Amino acid sequence: MKKVLILGAGLSGIGSAELAKRNSFDILLSESNEIDAKIKSKLKKLDIEFEENSHTNAKTYSADLVIKSPGIPDESDIINSLSKKGLSIISEIEFASLFSSTPAIGVTGSNGKTTTATIIHKLLSNANINCSISGNIGKCFSSVSQKNYDYDVIELSSFQLDGIVNFQPKIAVLTGISEDHMDRYSSFQKYIDSKFRIVMNQTNEDYFIFNSDCSVTTEYINKNKIKSKLLPFTLKKIIDQGAYYKDGVINIISDKNKISMSIENFKLKGKHNIRNAMAAATVANLLQIRKETIRKSLEHFQGVEHRLEKVLTINKVNYINDSKATNINATYYALESMNSPTVWIVGGVDKGNDYSELKKIVSKKVKAIICLGSNNLKIIDFFENLVEYIFDVDSMEDAVNIAYKISKSGDNVLLSPACASFDLFDDFEDRGRQFKNAVRKL
């Protein structure tokens, strides 16, 4: 019987433990913090050995395999200790893929991956294709990998891709690359390399759908051999294979199959969402889903929670939840889509942000800034001369109340933090829900 060590008691750790148990592994789950009481109860019922508040037992456990939570850095003490033993350390995605025979559609990118993965899942489901959605969204891949699906749609973060070895998606989608997680990666190039791990095991029988308007992506492709069939999508030119946008129409071409449709009735707006729609529609066209199904699915798709989510309109002021914008590029897209003066709520755990990229768009779109975080000095120092009002708060209730007082009819109040959430909130979802609750109390 093989022995597996699982590091981390989050969603991926528990999913890995349950999958390992179903496949008769001996298991030790190790968590450096206290484990939630409900999770401990579940582990005991499953007869899974665990430790909390330390990795003491993990360091001496004679594991055949180590599964690492994506939240644990490669430079951490426990990873260094286990690496010195020559142990194989993989991600939950890699482990789950060992037990799956279902073709995978993997989606990654600095921004847009959740929206794109969700649209793909909707397109396939509306075409009566039996498919799952997992990974960095909702449930973990381990919970679906042994089920009988036609396709598995998997949203993949760079941290999850860092731990793959043989994982091979049939279709890989890269929405684009911009600086993110610079607190975790020693260079931007290392982050780029992590994203491109999604194609490292693909062959010429597989497909790679990518944003050719992203110069970082195209530069990498030009310098490195990609084995899979390349299908770009673009807003900037007409192409023979892939997808392009012209005069209000998206055109999707794969092999000899071409479909075209107007975006006039799409509920999602903005250039970034045209790209997301083209990427998803390219997947659907590869799978020979009917044009009418694709069109109706795209026209009815209203977006995902915490991504430019319209909450309420109060006194003709629009309150918009973009809590999932945890990097500069995502916030740029959000501000770009604002069509009236905006009160911008920003801040959290800075991931090595370069705010200069937002300077022009903030000068053009933002009337006031509310800094929401435990340490807002960097944001205040950069933006205080660009806007008339800037406020420093450490609670969502204060942020929303100030926004209510200073906004006028026709304004937007936008939560788009450009930062991680872990200083004041459990995660970006907690942050977004607190924003919505505070707005509803006005």
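Our subject is the structure listed above.
So, here's what we can say about the structure. (Residues numbered from 1 in each chain as written. Predicted model: local features only at pLDDT ≥ 70, side-chain atom pairs only at ≥ 80, totals over all residues. Heavy atoms only, no water.)

Thoughts on the sheet that holds strand S5 (residues 89-91)
Read across the sheet, five strands follow the order S3-S2-S1-S4-S5 without closing on themselves; strand pairing throughout is parallel. If you trace the sheet from one side to the other, it starts and ends with strand S3 (49-52) and S5, each paired once. Each strand axis lies, on average, 25° off the axis of its neighbour in the sheet, ignoring direction. Judged from the four bridges that link them, strand S2 (residues 26-31) and S3 form a sheet pairing that is parallel. Within the sheet, the bridge partner assigned to Leu 28 lies in S3 and is Glu 49. Contacts from helix H1 (residues 11-22) reach strand S1 (3-7), S2 and strand S4 (65-68) within the one sheet, and its direction differs from that of S2 by about 170°. Relative to the sheet, helix H4 (residues 77-84) contacts S1, S4 and S5, its axis offset from that of S1 by approximately 155°. (Pairing = 2+ DSSP bridges. Helix = DSSP H or I, 4+ residues; strand = E, 2+ residues; numbered from the N terminus. Axes fitted to C-alpha atoms, helices over the stretch in contact; angles between N-to-C directions. Contact = heavy atoms within 4.5 Å.)

Here we look at the packing of helix H6 (residues 113-126) against helix H10 (residues 271-286)
At their nearest, the axes of H6 and H10 sit 9 Å apart, and the two run at 40° to each other. Here H6 lies oblique to H10, going by the angle between them. In the crossing of H6 with H10, the sense of the turn from one axis to the other is right-handed. Where H6 approaches H10, its residues Thr 115, Thr 116, Ile 119, Ile 120 and Leu 123 are matched on the opposing element by Asn 273, Asn 276, Ala 279, Ala 280, Ala 281, Val 283 and Ala 284. In terms of residue class, the contact of H6 with H10 is built from eight nonpolar, four polar and no charged. (Parallel < 35°, antiparallel > 145°, perpendicular 65-115°, else oblique. Left-handed = near helix turned anticlockwise from the far one by under 90°. Nonpolar A, V, L, I, M, F, W, Y, C, P; charged D, E, K, R; others polar.)

Quick word on the nonpolar core
Of all hydrophobic cores here, the largest spans 45 residues; its most connected members are Val 4, Leu 29, Phe 95, Phe 167, Phe 196 and Phe 208. With four residues, the top contributor of residues to this core is H1. Ignoring any residue separated from it by four or fewer positions in sequence, one finds Phe 196 in contact with Leu 174, Ile 177, Phe 208, Thr 217, Tyr 220, Ile 221 and Ile 226. Ranked by size, the runner-up nonpolar core spans 41 residues in total, among them Leu 123, Val 173, Phe 233 and Leu 298. (Core = buried A, V, L, I, M, F, W, Y, C linked by side-chain atoms within 4.5 Å. Buried < 20%, exposed > 50% of the residue type's maximum accessible area, 1.4 Å probe, protein only.)

Points about the packing of H6 against helix H11 (residues 291-300)
At a minimum axis separation of 9 Å, H6 and H11 run at an interaxial angle of 135°. When the axis of H6 is compared with that of H11, the two are oblique. As H6 runs across H11, the sense of the crossing is right-handed. Contact residues: H6 offers Ile 119, Lys 122, Leu 123 and Asn 126, while H11 offers Thr 293, Ile 294, Ser 297 and Leu 298. The residue makeup of the contact of H6 with H11, split by class, is four nonpolar, three polar and one charged.

Some words on unusual backbone geometry
A positive phi angle is found at Lys 316, which is not glycine, with a value near 65°. Of note, Lys 316 is situated in the loop between strand S15 (309-314) and strand S16 (317-321). Residue Lys 316 is classed as exposed on the basis of its relative accessible area, which comes to 62%. Here the phi dihedral of Ala 418 falls at roughly 60°; this positive angle occurs in a residue that is not glycine. Mapped onto the secondary structure, Ala 418 falls in the loop between strand S20 (412-415) and helix H16 (428-440).

As for the side chain of Asp 411
With respect to the secondary-structure elements, Asp 411 resides in the loop between helix H15 (396-406) and S20. Using a relative accessible area of 5% as the deciding quantity, one classes Asp 411 as buried. If near-sequence neighbours (up to four positions away) are discounted, Asp 411 is found in contact with Lys 316, Val 317, Asn 318, Ser 340, Pro 341 and Lys 367.

Observations concerning the pattern of salt bridges
Scanning all chains against the criterion turns up 15 salt bridges. Lys 436 is the salt-bridge partner of Glu 305, the closest N and O atoms lying 2.7 Å from each other. Placement of the pair is Glu 305 in the loop between H11 and S15 and Lys 436 in helix H16, with a sequence separation of 131 residues. Classification of Lys 436 as buried rests on a relative accessible area of 6%. Each member of the salt-bridge network shares a partner with another, and the members are Glu 305, Glu 309, Arg 433 and Lys 436. (Salt bridge = Lys/Arg side-chain N within 4 Å of Asp/Glu carboxyl O.)

Description of helix H9 (residues 215-223)
In an α-helix, one full turn covers 3.6 residues, which means residues spaced three or four apart are oriented alike. Inspection of H9 places Thr 217, Tyr 220 and Ile 221 among the buried residues, and these make up the whole buried set. For H9, the arc enclosing every buried residue in end-on projection is 100°, short of the 170-degree limit, so these residues lie on one face. Exposed residues pointing more than 90 degrees away from the buried face of H9 are listed as Ser 215, Asn 222 and Lys 223. The inward-facing, buried residues of H9 contact strand S9 (171-174), helix H8 (188-195), strand S10 (207-211) and strand S11 (229-234). (Arc of directions from axis to C-beta.)

Section: the environment of Lys 44
Tracing the chain through its elements places Lys 44 in helix H2 (residues 37-45). By relative accessible area, Lys 44 is classed as exposed at 59%. Through-space distance from the C-alpha of Lys 44 to that of Ala 172 is 38 Å; in sequence the pair is 128 residues apart.

Interpretation note: all reported values are geometric properties and have no functional meaning in isolation.
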